[in-house]
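Each chain is listed here by its residues.
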Amino acid sequence: MSSSLNLARLRSSQEISAIRKEGQSFSSRNFVLLVKPNLLDTIRYAVIASRRVGGAVERNRCKRRLRSRVTRLAPKITPGNDLLIIARIACLETEPEILDKAFEQVFIQAGLISNHV
RNA sequence: CAGGUCAGCCAGGUGCGCGCGCUUAAUCAGUGAGGAAAGUCCGUACACCGCAGAGCAGGAUGCCAGGUAACCCCUGGGAGGGCGUAAGCUCUCGGACCGGGCCACAGAGACAUACCGCUCGCAAGAGUAAGGGUGAAAAGGUGGUGUAAGAGACCACCGCGUCGCUGGUAACAGGGACGGCCAGGUAACCCCCAUCCGGUGCAAGGUCAAACAGGAGAGAGAGCCUGCUCGGCUCAUUUGAUCUCCGGGUAGACCGCAUGAGUUGGCUGGUAACAGUCAAUCGAGAUAGAUGCGCAUCCACGACAGAAUACGGCUUACCGGUUGACCUGAGAU
RNA sequence: GUCUCCGUGGCCUAAUGGAUAAGGCACUGGCCUCCGAAGCCAGCAAUCUGGGUUCGAAUCCCAGCGGAGAUA
């Protein structure tokens, strides 16, 4: 209950474009992760699926998959960062377990998961 | 039984666990995408702006009748063409005597003409348009009479036009009389005729309203270290710190926003589209944008695809399943 | 969401309803050269898709597909 409090959504387009400009990027086949430290003790995130991914059904599916993995990993992630996750076409086809692994790998690479496993 | 045609319906179900949006003070609980939600191709509602009334310009529609809030929509009917043995499917539809434009190449000639021809004649010339050739298209067609050769010059049938009659609300159909066919096509070229259309679109529009700047008034103190006193510091006291009020209104929030040309069922009228009436019922409302995942089980093994102000159509995409009517062929009784 | 516009070889352009769809760059082959470049000659290759109007469609009409832009 307390862990869910420091996970928030980013809503304004100004903040998101700031992350796109200034954030550090870490990419995989399925998605791109951009990180920018904020001065708060919370994690704020946003998920983007552009028209390149597909129609409305495919875009919703991508966002759903990525969002659910963020909420699952949230207790492990070190707070104080803004995250921006951009979906790629491949994340529609990859198996859920492989996507899980790729997600953790990228977050370790970005140094966001401190107390791993 | 096989093949086909048309019309309609469904769009995985049930249980458990985790998770999301909305309703709610909160839990529990309830509820939660489509037949096309799509394309944005038409038509409206609704909102604001404009507007005495009318017209011009521009655009749309175009066989007839009906339906509808309205329609490039639907239903029924008509004429003509194409496909199919058939059930049936499909395409076309005001005006060429308002006027203008265009009709390449070929061909003698494309809207006006006689090249090769035919006939008469010694010839000059005259009479012709049957046949040839060109072309998408060349002064009704076929057969006969007739003639020097020919020609609606005349006759029969068909086509065309005009005027009555009968049936039909009408488009039109049937049949009759007369004309003797004086003149091509194209209006998805301009145009003419009839009917309709003001513009912009929910990011419409409205309410509340930080901050910054502005105006009016009060005004000598206000703030910080610090909870209080002392003390200190900063900013003010001409160019005004600070406080109060004001209008417009940005960020943001809320309304618009889902009880409606609603849905389901019955009855009545109508061939039908549809209308009327009675009863029951409330079935999404997000705002970077909510519906999924796992397990079990049943089956036909799940396609196309995701609401964003709402509705009526059209068009396009689509795994399959199923119901009814009809047509053709074969066999049996 | 709403509105507007466009679509011609690999790329950039042209076109009166009447052609075998034109030109430049690129590509391929040849000539030239000791070898290249340049130049010259020849070739390859296209009207987004499907219907319709018309004697005839890249052009006109309808539907679809794809791509741009505007709107805060």
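Whatever comes next refers back to the structure up there.
Below is a short write-up of the structure. In this text, all values refer to a predicted model and were calculated from it rather than measured experimentally.

We now examine the overall build of chain A. Of the regular secondary structure elements, chain A holds three helices and five strands. For chain A, with 117 residues in total, the buried portion stands at 41%. Residue pairs in contact within chain A that sit at least 24 positions apart in sequence constitute 80% of those at least 6 positions apart.

Moving on, we come to helix α2 (residues 56-73). Across its 18 residues, α2 extends 26 Å between first and last C-alpha, which sits within 8% of the 26 Å expected from 1.5 Å per residue. Of all the positions in α2, only Cys62, Leu66, Arg69, Val70 and Leu73 are classed as buried. The buried residues of α2 occupy one face: seen down the axis, they fall within an arc of 105°. Opposite the packed face of α2, turned more than 90 degrees from it, sit the exposed residues Ala56, Val57 and Arg72.

Further remarks concern the pattern of salt bridges. Applying the stated criterion to the full structure yields three salt bridges. Residues arginine 72 and aspartate 100 are paired through a salt bridge, measuring 3.2 Å at the closest nitrogen-oxygen approach. Of this pair, arginine 72 sits in helix α2 while aspartate 100 sits in helix α3 (residues 96-109), and the two are 28 residues apart along the sequence. On the basis of relative accessibility, which here comes to 52%, the residue arginine 72 falls in the exposed class. Overall, the relative accessible area of 27% leaves aspartate 100 in the partly exposed class. Salt bridges sharing common partners tie together Arg69, Arg72 and Asp100.

Most of strand β3 (residues 31-37) sits inside the fold, with five of its seven residues counted as buried. With four bridges joining them, strand β2 (residues 24-27) and β3 adopt antiparallel strand pairing. Along β3, the bridge assignment pairs serine 27 with valine 32. Between β2 and β3, which follow one another and run antiparallel, lie three residues.

Another point: the protein's contact with RNA strand B. The environment of RNA strand B is made up of eight residues, and the closest members are Arg9, Arg11, Asn60, Arg64 and Arg67. Counting only the atoms of RNA strand B within 4 Å of the protein, the fraction contributed by sugar and phosphate is 76%. Here a phosphate oxygen of RNA strand B and a side-chain polar atom of asparagine 60 are 3.3 Å apart. Within the side chain of arginine 67, a nitrogen or oxygen atom sits 3.2 Å from a phosphate oxygen of RNA strand B. Tallying contributions element by element places α2 first for the surface near RNA strand B, with five residues.

Here the focus is the nonpolar core. In this structure, Leu33, Leu83, Phe103, Phe107 and Leu112 are the most contacted members of the largest nonpolar core, which totals 25 residues. With four residues, the top contributor of residues to this core is α2. Beyond its immediate sequence surroundings of up to four residues, phenylalanine 107 is in contact with Leu33, Ile77, Leu83, Leu112 and Ile113. Listed in part, the eight residues of the second largest apolar core include Ile16, Ile19, Leu34 and Ala46.

Thresholds applied
Residues numbered from 1 in each chain as written. Chains lettered and ligands numbered in written order. Predicted model: local features only at pLDDT ≥ 70, side-chain atom pairs only at ≥ 80, totals over all residues. Heavy atoms only, no water. Helix = DSSP H or I, 4+ residues; strand = E, 2+ residues; numbered from the N terminus. Buried < 20%, exposed > 50% of the residue type's maximum accessible area, 1.4 Å probe, protein only. Contact = heavy atoms within 4.5 Å. Expected span 1.5 Å × (residues − 1). Arc of directions from axis to C-beta. Salt bridge = Lys/Arg side-chain N within 4 Å of Asp/Glu carboxyl O. Pairing = 2+ DSSP bridges. Near = heavy atom within 4 Å. Polar contact = N/O pair within 3.5 Å; in protein donor to acceptor, adjacent residues only side chain to side chain. Core = buried A, V, L, I, M, F, W, Y, C linked by side-chain atoms within 4.5 Å.

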